[in-house]
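# Report on the structure
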Amino acid sequence: MENQTIIEAEGLTKKYGHQTAVNNLYLQIREGEVFGFLGPNGAGKTTTLLMFLGLTEPTSGKVRVIGFDPTRDPFHVKEKVGYLPENVGFYDDMDARQNLQYIARLNRIPDRISADRITESLKVVDLLEEVGKKVGTYSKGMRQRLGIAEVLMKEPKLIFLDEPTIGLDPDGTNRMLDLIHSLSREKNITIFLSSHLLDQVQRICDRVGIMIKGDLVAMGPIEELAKKKLGVDKEHYTLEEIYMKYFKEA
Amino acid sequence: MHGIFTIFRKEMEDHFSSIRFLLISALIVMVGVIIASMVGMSIQEESKGMAKPTFIFLWLFTSTGKLFSFVQFIGFFGPLIGIFLGFDAINRERVSRTLSKLLSQPIYRDSVINAKFLSGVAMIAIVLVAIVLIISGLGIRLIGVVPGGEEIWRLVIYLVASILYISFWLGISILFSVIFRSTATSALASLAVWIFFSFFVSLGAGALANAISPVSQSASGIDVDAALRNAQIQRTISLFSPMTLYSDATTTILDPMRKTTQALILMGPLERISLSRFQNPLPLLQSLFIVIPHLISIVAITLLCFGVCYLIFMRQEIRTI
Ligand SMILES: Nc1ncnc2c1ncn2[C@@H]1O[C@H](COP(=O)(O)OP(=O)(O)O)[C@@H](O)[C@H]1O
Ligand SMILES: [Mg+2]
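Residues numbered from 1 in each chain as written. Chains lettered and ligands numbered in written order. Predicted model: local features only at pLDDT ≥ 70, side-chain atom pairs only at ≥ 80, totals over all residues. Heavy atoms only, no water.

### Notes on empty space enclosed by the protein
Evaluated as defined, the whole model comprises 1 cavity of 30 Å³ or more. Contributing to the lining of the largest cavity are Gly82(A), Tyr83(A), Ile103(A), Glu150(A), Val151(A), Lys154(A), Ser104(B) and Gln105(B). Elements that contribute at least two residues to the lining of the largest cavity include exactly β5 (81-84) and α5 (140-152) of chain A. For the lining of the largest cavity, a count of residues per class yields 3 nonpolar, 3 polar and 2 charged. (1 Å grid on protein atoms, 1.4 Å probe; cavity = no way out; pocket = protein on both sides within 12 Å on 5 of 7 lines; lining within 4 Å. Points joined across faces, edges and corners; volume = space filled by probe spheres on them. Helix = DSSP H or I, 4+ residues; strand = E, 2+ residues; numbered from the N terminus. Nonpolar A, V, L, I, M, F, W, Y, C, P; charged D, E, K, R; others polar.)

Encoded structure:
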């Protein structure tokens, strides 16, 4: 099971006019892993995610997500995959349950089934007590967790999270990371998360990929990258250090 | 199909709970009903003791009361219903960042825009049918005449034309909600188009017609050819306005005594007298034939408008920066 490939990109490229947002990306993600897709702002992380979901067409290259080609068959990919966009939005004048129910209906989950699933996923993200409040009154952290609940409700095998910790305070960040980690361990969900905050995601990722200006400059477990780049078997290395090495070279 | 239905349902719920929309429709229903009931009362006074003329029921809608008739009122202010329904259809979801989430669900992209348009059309139909029913009910009580079969058919055609016409304005406002990111901008742009068509096209048509073919008052009377040409030009230009299209079509359909959509008819006094003495109402089918080109034009501009909107929406980059 561990070795089953769930995402495979071959020479994936996206150009906006003359600007190359993603350049010739080769990537394989195995089932069950937590993959950190790291890089500074504007590196092409969001663009890559949009191509994985079929929300944006690649300029060239091939990609398969859970066995489907998102460019040709976005419908099936979206049906099976959960996606939490950066700064996810909700209908502020509806409460949490109404928001999730609408998304459930769009996913053709019948109301009698979604009612239980919504309760369960709100429990996982610890929002069950706030379920009756209008989402407009939620804090940033609560909105982000509600976004996770919305994704979980689809019971996906694979989740894309775009900057899931952006704008959260340190406590909220830790809660969010613990939550993501537990999803991977307890529900065996493959997680592909993008972030520009390297030290934060370091502790939960099995593997990371480092994007700089559209190029994937490194990929692998963090210890491996550290050995390769920092040379010595340091006791303490941070992703920041590894990353700075790559950044200077680029 | 499933996506369209789900979004349609949510949009309808939103419309019904939108204070803004309820206010504007309540206002329009109220004023429309007041206009028609005032007309009804004056008809009641005038026709006391007389045999009721044919199609008296339709007068409720077409007679000009103190200011204007119900039909004119809807032609002028009806577009506001469409504009209020659509001006923030897409950009509202952009601003709240729900659009990208919506599109990452397993639905086809065009479901979003189709459902929004259809729910707007449904709301327009509900409001218009309500007004016409209220007025008809009032009319039956005030004048004491039950509409005949032909009158009902004419009203139905009028309703269809009105729904199409206001849907055109819905299309315009949804188009702006796709183009502009700010809801205030799209509202203003829609209102600007409305003002342009309601005032400037008719003003401009007059001015342009006078420039091309001036009508000179000379000692020998007016130059008939020039006047005719002037009227023709003015009419052709104002046909570019959906308002003219609509009002020509609906007055013809609701007023069987009218035999042409043309406003200006040149005829001698004798001719006029003899015509009015032997005037008979135009049969329904004939009225319909006269207005069919107008109806087709309204459908065409509505579809064109929605088509442009659809294409732009389908090509737009999804990213919400
Ligand atoms: N619609 C667009 N048109 C032109 N350039 C774009 C567009 N979207 C993104 N870009 C460019 O592509 C690059 C990658 O952006 P993005 O994928 O959002 O980066 P990240 O998510 O890593 O911060 C950026 O330089 C951005 O300016
Ligand atoms: Mg991004």
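Right, picking up where we left off after that structure.
### Description of the sheet that holds strand β9 (residues 215-220) of chain A
Residues and elements named next belong to chain A. The mixed open sheet is built from 6 strands, whose spatial order is β5-β6-β7-β3-β8-β9. A strand with exactly one partner marks an edge of an open sheet, and here the two such strands are β5 and β9. For this sheet the average axis-to-axis angle between neighbouring strands, irrespective of direction, equals 15°. One ladder, built from 4 bridges, connects β5 with strand β6 (residues 158-162); its direction is parallel. Paired with Gly-82 across the strands is Ile-159, a residue of β6. (Pairing = 2+ DSSP bridges. Axes fitted to C-alpha atoms, helices over the stretch in contact; angles between N-to-C directions.)

### What about the site of ligand 1?
Near ligand 1 there are 13 residues, and of these Gln19(A), Gly42(A), Thr46(A), Thr47(A) and Arg319(B) occur at the shortest range. Proximal residues around ligand 1 fall on chains A and B, making this an inter-chain site. One nitrogen or oxygen atom from the side chain of Thr46(A) is found 2.6 Å from an oxygen atom belonging to ligand 1. Burial of ligand 1 by the surrounding chains reaches 72%, relative to a free accessible area of 570 Å². Where the shell around ligand 1 is concerned, the elements lending two or more residues are β2 (19-30) and α1 (45-52) of chain A. If you tally residues by element for the shell around ligand 1, the top one is α1(A), at 3 residues. (Near = heavy atom within 4 Å. Polar contact = N/O pair within 3.5 Å; in protein donor to acceptor, adjacent residues only side chain to side chain. Areas by Shrake-Rupley, 256 points an atom, 1.4 Å probe, with all protein chains shown as cover.)

### Some words on the sheet that holds strand β1 (residues 5-16) of chain A
All names here are of chain A. Strands sit in the order β2-β1-β4 across an open sheet of 3 strands; the sheet is antiparallel. For this open sheet the edge positions go to β2 and β4 (60-65), each flanked by a neighbour on one side alone. Looking at each pair of strands side by side, their axes are set apart by 15° on average, direction ignored. Pairing between β1 and β4: 5 bridges, direction antiparallel.

### Overview of the pattern of salt bridges
Residue and element names in this part refer to chain B. Within the structure shown, the criterion is met by 17 salt bridges over all chains. Arg-92 serves as the salt-bridge partner of Glu-11, at 3.7 Å between the closest nitrogen and oxygen. Of the two residues, Glu-11 sits in helix α1 (residues 2-16) while Arg-92 sits in helix α5 (residues 91-95), which places them 81 residues apart along the sequence. Note on Glu-11: relative accessible area 3%, which makes it buried. With a relative accessible area of 30%, Arg-92 lands in the partly exposed category. Among the salt bridges present, the one from Lys-116 reaches Glu-11, with a minimum N-O distance of 3.0 Å. Separated by 105 residues along the polypeptide, Lys-116 in helix α7 (residues 109-143) and Glu-11 in helix α1 bring together distant segments of the chain. You can call Lys-116 buried: its relative accessible area is 3%. A single salt-bridge network, built from bridges that share partners, covers Glu-11, Arg-20, Asp-88, Arg-92, Glu-93 and Lys-116. (Salt bridge = Lys/Arg side-chain N within 4 Å of Asp/Glu carboxyl O. Buried < 20%, exposed > 50% of the residue type's maximum accessible area, 1.4 Å probe, protein only.)

### Notes on the interface of chain B and chain A
On the side of chain A, 27 residues touch chain B, which itself brings 22 residues to the contact. Buried area between chain B and chain A, both sides added, is near 2400 Å², and the carbon and sulfur share of it is 59%. Glu150(A) is the partner of Lys101(B) in a salt bridge, and the nearest nitrogen-oxygen pair spans 3.0 Å. The interface formed by chain B and chain A includes 10 residue pairs in polar contact (both at pLDDT 80 or more). Counting residues per element, the ones that place at least two in the side of chain B that touches chain A are α1 and α6 (99-103) of chain B. Considering every element that reaches the side of chain B that touches chain A, the biggest residue donor is α1(B), with 6 residues. Partitioned by chemical class, the residues of the side of chain B that touches chain A number 7 nonpolar, 8 polar and 7 charged. (Contact = heavy atoms within 4.5 Å. Buried area = accessible area lost by both parts, 1.4 Å probe.)

### Quick look at the confidence of the model for chain A
Of the residues in chain A, 94% have a pLDDT of 70 or more, and the chain-wide mean is 89. Helix α9 (residues 239-249) of chain A is the least confidently modelled element of chain A, averaging 74 in pLDDT, while helix α3 (residues 96-106) of chain A averages 96, the highest of any element. (pLDDT = per-residue confidence, 0-100.)

### Overview of the packing of aromatic side chains
Under the criterion given, the structure shown has 22 aromatic pairs over all chains. On the basis of an interplanar angle of 70° and a centroid distance of 5.6 Å, the ring pair of Phe160(A) and Phe192(A) is categorised as edge-to-face. Taken together, the residues Phe160(A) in strand β6 and Phe192(A) in strand β7 (residues 190-195) connect sequence positions 32 residues apart. As far as the burial class goes, Phe160(A) and Phe192(A) line up, both buried. When the ring of Phe61(B) is compared with that of Phe70(B), the centres are 5.6 Å apart and the planes differ by 70°; the resulting orientation is edge-to-face. Here the guanidinium or amino end of Lys10(B) rests over the ring plane of Tyr102(A), the centre of that ring lying 5.3 Å away. The residue whose ring lies beneath Arg109(B) is Phe313(B), and the NZ or CZ to ring-centre distance is 5.6 Å. (Phe/Tyr/Trp six-rings, centres within 6.5 Å; stacked < 30°, edge-to-face > 60°. Lys NZ or Arg CZ within 6 Å of the ring centre and 35° of its normal.)

### Let's talk about the state of the cysteines
All names here are of chain B. Following the criterion strictly, the structure yields 0 disulfides over all chains and no others. Just so you know, Cys-305 is unpaired, no disulfide at all, and the nearest cysteine sulfur is the one on Cys-309, 6.8 Å from it. The exposure class assigned to Cys-305 is buried, which follows from its relative accessible area of 7%. (Disulfide = S-S within 2.5 Å.)

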